[in-house]
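Here are the chains, one letter per residue:
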Amino acid sequence: MEDIRPVILCGGTGTRLWPMSRTQSPKQFQLVAGPGSPTFFQATIQRHRSKGFGKPVVVTATQNYRTIVKQLKEIQCDATVICEPMARNTGPAVLAAALVLAEETPDALMLVLPADHVIVGNLNTPILAMRQAAKDGRIVAFGIRPTYPETGYGYITDGGAFTSYSGLHNVAEFVEKPPLNIASGLVASGLAYWASGIALYSAKTILKEFKSLDAATHSAVTAAVNQGEWNGDCLQLDPDSFRKSTNEPTERIIFERAQSVAMAPLDVEWSDVGCWTSMHAIGVANSDGNVLSGDVVSINSQNTYVRSEDRLVAVVGLSDVIVVDTPDAVLVTARGKCQDVKAVVETLKAETRREANRHLTREHQWGESKHITSSSDHDMTLLRINSGSSISIDPLPGRHIIAGSSGLSIFDGLSRKTLGKGERVTLDVIDQTKLTNTSPNRIDVILVTLSSQISTGSDAPRVVNA
């Protein structure tokens, strides 16, 4: 039987995992367990790199494309990438992937996967067991046996087993994020499962259902694919067409209405890691119940989660507390209150604070930039330029660069010169200046702007890709 094509959905923002997750560098691209661990996205890809599974398809926002390519390269995985020009929830994302796969193989089987979940256990065997049902036109949604009455998850209730497919069940109903009393009743019934967001079906089946149940979205996304631009294995969807699609999840558009939907239980440990309390729950705790990540010292503390990125964090005499330290923001919250972290992000966005949207370090096609410091009259940014790469710097009065090593070529439109280690130059105030790394190694460049017009706390001065 043909391989299943994993379809990884990477469109979420993960606001409840701030400050690790930001709008421009969301949860799925962050490390699961600190230094040395894979990212959530990489772990999802790796989970299905085995017999029975084919080349993955990744659907993501255009702004995340470079991050996707970088993280795929780190795990040496080839994938087809579909870039969305704007967020339209999972429905249009799944439809775009189905259209691309159907063009390659009309009967292609696709396994839709959220990019930011943590799963422990044998996931692939029960999925592969559902191939025939999916090939026969069934939409197979996978359910997780609930361990407590979670109000933040959707539920699928068991409508009885199929006689024709071992392990497959009819769906009685979908229950979306019920209040505690209803969730408790569902768990007590023994007939309800958490909706995992994982589903298996053929591209042909989901295209048929979309055309029947949401013809307008089917038409819009079809046009977005047909009029999109391919660059190697990457498809940039046409924005004018894609924005006409409905902004709804696949479950609401299709699953809750289609007669072809069914459910298969998964016997695994699963978490959608929706908040920091979940991160504590999936971590490896010490004898005091503490989960510590990074450079952390814990004294007389119990049931804490402490995560540090690049400096020492010490906690003394704490209980049931979560501490997350990043270079530009620190979160301290009580366990069980982490759903409220979203309110912090909303406050930061209302105040137009940079910390809501991005980290100090940003990845670019040419390398990365890190905002170091700023005041009312200066701004300093570290540029790390890859070998052979070029960038262009916008002209501003009082702008200087210092080369961290030899091999930095500078072109201001009239003349070209190469800087040695530690050499400094004032940039042109009229035209852009092009910087090129001609050395075989990455070069660090310090960009300094001296100007009374720069306000304290501003973003780094604009750097334009060559």
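Residues numbered from 1 in each chain as written. Predicted model: local features only at pLDDT ≥ 70, side-chain atom pairs only at ≥ 80, totals over all residues. Heavy atoms only, no water.

1. A short note on the confidence of the model for the chain
Inference 1: Per-residue confidence for the chain averages 91 on the pLDDT scale, and 97% of its residues sit at or above 70.
Inference 2: Across the chain, the secondary-structure element scoring lowest on mean pLDDT is strand β30 (residues 463-465), at 53, and the one scoring highest is helix α8 (residues 215-226), at 98.
Inference 3: Note that residues 453-461 has pLDDT below 50 and, in this model, 27 contacts with residues that lie over four places away or in other chains. (pLDDT = per-residue confidence, 0-100. Helix = DSSP H or I, 4+ residues; strand = E, 2+ residues; numbered from the N terminus. Contact = heavy atoms within 4.5 Å.)

2. Things to note about unusual backbone geometry
Keep in mind that most residues, glycine aside, have a negative phi and that most peptide bonds are trans.
Inference 1: Residues W18 and P19 are joined by a peptide bond in cis, for which omega reads 10 degrees.
Inference 2: With respect to the element layout, P19 can be found in the loop between β1 (4-10) and α1 (40-47).
Inference 3: Its identity as a non-glycine residue notwithstanding, N303 has a phi of 55 degrees, on the positive side.
Inference 4: For N303, the location among the structural elements is in the loop between β15 (296-299) and β16 (305-308).
Inference 5: Even without glycine at this site, D320 takes up a positive phi of about 55 degrees.
Inference 6: Residue position: D320 is located in the loop between β17 (313-316) and β18 (321-326).

3. Focus on helix α12 (residues 341-350)
Inference 1: By the burial criterion, the buried members of α12 are V341, V345 and L348. Buried residues of α12, seen end-on, are gathered within an arc of 60 degrees and therefore sit on one face of the element. (Buried < 20%, exposed > 50% of the residue type's maximum accessible area, 1.4 Å probe, protein only. Arc of directions from axis to C-beta.)

4. Quick notes on the packing of aromatic side chains
Inference 1: Tallying each qualifying case throughout the model produces 9 aromatic pairs.
Inference 2: Between the aromatic rings of Y201 and F255, the centroid separation amounts to 6.3 Å while the plane-to-plane angle is 85 degrees, which identifies the pairing as edge-to-face. Highlighted residues: Y201 in strand β9 (residues 192-202) and F255 in helix α10 (residues 250-255), separated in sequence by 54 residues.
Inference 3: Judged by relative accessible area, which is 1%, Y201 ranks as buried.
Inference 4: Aromatic rings pair up to connect Y148, Y153, W194 and W270 into one cluster.
Inference 5: Its guanidinium or amino end placed over the ring of F411, R416 lies 4.5 Å from that ring's centre, counting from NZ or CZ. (Phe/Tyr/Trp six-rings, centres within 6.5 Å; stacked < 30°, edge-to-face > 60°. Lys NZ or Arg CZ within 6 Å of the ring centre and 35° of its normal.)

5. Looking at the nonpolar core
Inference 1: Grouped together as the largest cluster of nonpolar side chains are 46 residues, with contacts concentrated most on F41, L111, F142, L168 and L200.
Inference 2: At 4 residues, the largest contribution of residues to this core is made by β9.
Inference 3: Beyond its immediate chain neighbours, meaning those up to four positions away, F142 contacts L111, P126, I127, M130, W194, A195, S196, I198, A199, L200, A264 and L266.
Inference 4: V7, V59, A102 and L235 belong to the second-largest nonpolar core, a separate cluster that totals 42 residues. (Core = buried A, V, L, I, M, F, W, Y, C linked by side-chain atoms within 4.5 Å.)

6. Observations regarding the sheet that holds strand β20 (residues 361-364)
Inference 1: If you trace the 6 strands from one edge of the open sheet to the other, you get β20-β21-β22-β29-β24-β27, paired in antiparallel fashion. Bordering the open sheet on either side are β20 and β27 (424-426), each of which pairs with just one other strand. Each neighbouring strand pair of the sheet contributes to a mean axis angle of 20 degrees, computed without reference to strand direction.
Inference 2: Summarising the sheet, strand β21 (residues 367-374) and strand β22 (residues 378-385) pair through 7 bridges and their orientation is antiparallel. For S374, the partnering residue across the bridge sits in β22 and is D379. (Pairing = 2+ DSSP bridges. Axes fitted to C-alpha atoms, helices over the stretch in contact; angles between N-to-C directions.)

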